[in-house]
Amino acid sequence: MAANGFIELLRLSKRGNKNYADSEREVNRWSGIAFEMMGQYFVAPLGEVAEVIYPPKLTSVPNVQGWVRGLANIRGRLLSVSDLACFISGERSPFLPTQKVLCISNNDHYVGLIVDQVLGIQHFNKKSFFSDNNDLEEKLNNYCQGYFQQHNQAWNIFLFSRLLNDSQYMNASEKFIN
């Protein structure tokens, strides 16, 4: 019985809290890590990005695809770093002082993806979600699932879990012809 009373007290205290009072708005809100790449804006679900770091010092790896930039030691953990735009477009991204690395930790994979800019956490009204973006490059369609329209800008939802399930990305070695 005491537990029920405690739960009721919590419920009543939340009712008076201004931040909690607007819970309907919270239910209709979606948040993610926003980033820019290839002149387009993307947002990734919060749970898919472990951290955001400055580009670390890299050790190059021989016999890998051109989009693999190298390996880095991040707090004792080996991080494979790739140029995400280069993987998608085939063109190496020029160095920009705004570049950041999105660290993705998914199952046994720990990868870093270089993007042009990270714009922090963005919040979207779920009512501004659209399932298809016809203006999106075809190869990006494999990794994106819909978009949010906000301030006359499309924010494509990029799912890193799809990237890590792509055999082309996961097999970064060059093919040798003997």
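Provided above is the structure to which this section pertains.
Residues numbered from 1 in each chain as written. Predicted model: local features only at pLDDT ≥ 70, side-chain atom pairs only at ≥ 80, totals over all residues. Heavy atoms only, no water.

Some thoughts on the pairing of strand E4 (residues 68–74)
Remark: a regular strand shows side chains that alternate across the two faces of the sheet. The cut-off we apply is this: Residue exposure (1.4 Å probe, protein chains only): buried if accessible area is under 20% of the type maximum, exposed if over 50%, otherwise partly exposed. A helix here means a DSSP run of H or I that spans at least four residues, while a strand means a run of E at least two residues long, and both kinds are numbered starting from the N terminus. A pair of strands counts as paired when DSSP detects no fewer than two bridges linking them.
For E4, a buried count of five out of seven residues is recorded, marking the element as mostly surrounded by other parts of the structure. Looking at chain direction, E4 and strand E5 (residues 77–83) are connected through six bridges and run antiparallel. In the strand pairing of E5, Ile74 is matched with Arg77. Counting the residues between successive antiparallel strands, the hairpin from E4 to E5 contains two residues, one of them, Arg75, with a positive phi of roughly 50°.

Remarks on the sheet that holds strand E7 (residues 109–115)
Heads up, the rule is: Working convention: axes come from line fits to C-alpha atoms, limited for helices to the stretch in contact. Angles between N-to-C directions cover 0 to 180 degrees.
Pairing within the open sheet is mixed, and its five strands lie in the order E3-E6-E7-E5-E4. Only two strands of the sheet have a single partner each, and these edge strands are strand E3 (51–53) and E4. With strand direction ignored, the average angle separating the axes of adjacent strands in the sheet is 30°. Pairing geometry for E5 and E7, over four bridges, is parallel. When the sheet's bridge partners are listed, Ser82 is paired in E7 with Leu113.

What about the packing of aromatic side chains?
Worth spelling out the cut-off: Two rings from Phe, Tyr or Trp (for Trp, the six-membered ring) form a pair when their centres are within 6.5 Å of each other. A pair whose planes differ by under 30 degrees is stacked, one over 60 is edge-to-face, and the rest are tilted. A ring is scored as having a charge over it whenever the NZ atom of a lysine or the CZ atom of an arginine sits within 6 Å of its centre and within 35 degrees of its normal.
Per the counting criterion, the structure on display carries 17 aromatic pairs. Ring centres of Phe87 and Tyr169 lie 5.3 Å apart, and the angle between their planes is 80°; on these two criteria the pair is classed as edge-to-face. Taken together, the residues span a long stretch of sequence, with Phe87 in helix H4 (residues 84–89) and Tyr169 in helix H7 (residues 167–170) at a distance of 82 residues. This pair shows no difference in class: Phe87 is buried, exactly as Tyr169 is. Three or more aromatic residues link up through ring pairs in this structure, and these residues are Phe35, Phe42, Trp67, Phe87, Tyr143, Phe158, Phe160 and Tyr169. In this structure, Arg77 is placed above the aromatic ring of Tyr110, and the distance from its NZ or CZ to the ring centre is 4.0 Å.

So, the sheet that holds strand E10 (residues 144–150)
Strand order across the open sheet formed by six strands is E8-E1-E2-E11-E10-E9, with mixed pairing between neighbours. Lying at the two open borders of the sheet, with one neighbouring strand each, are strand E8 (117–125) and strand E9 (129–130). When E10 meets strand E11 (residues 153–158), the two strands line up antiparallel, connected through five bridges. Paired with Tyr147 across the strands is Asn156, a residue of E11.

A look at the layout of surface pockets
Quick note on the threshold: Only protein atoms enter the 1 Å grid, on which a cavity is a set of points fitting a 1.4 Å probe that cannot get out and a pocket is an open set with protein on both sides within 12 Å along at least 5 of 7 lines, lining residues being those with an atom within 4 Å of a point. Grid points are joined across faces, edges and corners, and a volume is the space filled by probe spheres set on the points. The residue classification treats Ala, Val, Leu, Ile, Met, Phe, Trp, Tyr, Cys and Pro as nonpolar and Asp, Glu, Lys and Arg as charged. All others, Gly included, are polar.
The calculated volume of the largest pocket comes to roughly 180 Å³. Lining the largest pocket we find Val61, Trp67, Val68, Gly70, Leu71, Ser80, Ser82, His109, Val111, Tyr169, Met170 and Ala172. Mapped by element, the contributors of at least two residues to the lining of the largest pocket are E4, E5, E7 and H7. Broken down by element, the residue count for the lining of the largest pocket peaks at three residues, all from E4. Broken down by class, the residue content of the lining of the largest pocket amounts to eight nonpolar, four polar and no charged.

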